[in-house]
Amino acid sequence: MPNQTYKNDQSYMAATTLASDVTGDTIDASGMNSCSFTCVNSNTGSPNGNIFIQVSNDESEWVNTTATAAITAAETNLLELSALPARFVRIKYVASLGGTDATLNVAFTMKS
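Before going into details, it helps to say that this report is about the structure given with it. (Residues numbered from 1 in each chain as written. Predicted model: local features only at pLDDT ≥ 70, side-chain atom pairs only at ≥ 80, totals over all residues. Heavy atoms only, no water.)

## Overview of the packing of aromatic side chains
Now for step 1: Summed over all chains, the structure comprises three aromatic pairs.
Now for step 2: With 5.5 Å between their ring centres and 85° between their planes, Tyr-12 and Phe-108 make a pair best called edge-to-face. Separated by 96 residues along the polypeptide, Tyr-12 in strand S1 (residues 6–17) and Phe-108 in strand S9 (residues 103–111) bring together distant segments of the chain.
Now for step 3: An angle of 45° between the planes, with centres 5.7 Å apart, marks the rings of Phe-37 and Phe-108 as tilted. (Phe/Tyr/Trp six-rings, centres within 6.5 Å; stacked < 30°, edge-to-face > 60°. Helix = DSSP H or I, 4+ residues; strand = E, 2+ residues; numbered from the N terminus.)

Below is the structure:
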């Protein structure tokens, strides 16, 4: 069995305010087959929105994947893609309401 390679960042997004839409930095996932994002949000300020894993082949056109979660309270969500369909990946939070003091922390792991 071939060796697997891992790529991770425990502070991909750190204490990011959820008062409006938030887009994470682009991650070059070339050579990686799967990914998971652990998204931890605070309940302060009552955040209300959806978080997605987005993918792109060209870093300009982004598509939401089926890996999504609704955020309405303090919680931890694990978003996973077992087969990466594109070279680039990122996290996108789309705010529905409020969340002025709510924060989001995101870590990711990718595996070849």
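Additional details are given in the paragraphs that follow.
## Let's talk about unusual backbone geometry
Now for step 1: Positioned with a positive phi, Ala-15 is a non-glycine residue whose angle comes to about 50°.
Now for step 2: Residue position: Ala-15 is located in strand S1.
Now for step 3: Despite not being glycine, Glu-59 shows a phi value in the positive range, around 65°.
Now for step 4: Relative to the assigned elements, Glu-59 resides in the loop between strand S5 (48–56) and strand S6 (63–71).
Now for step 5: Residue class for Glu-59 comes out partly exposed when judged on its relative accessible area of 44%. (Buried < 20%, exposed > 50% of the residue type's maximum accessible area, 1.4 Å probe, protein only.)

From the geometry alone we can't say anything about function, so treat these as descriptive.
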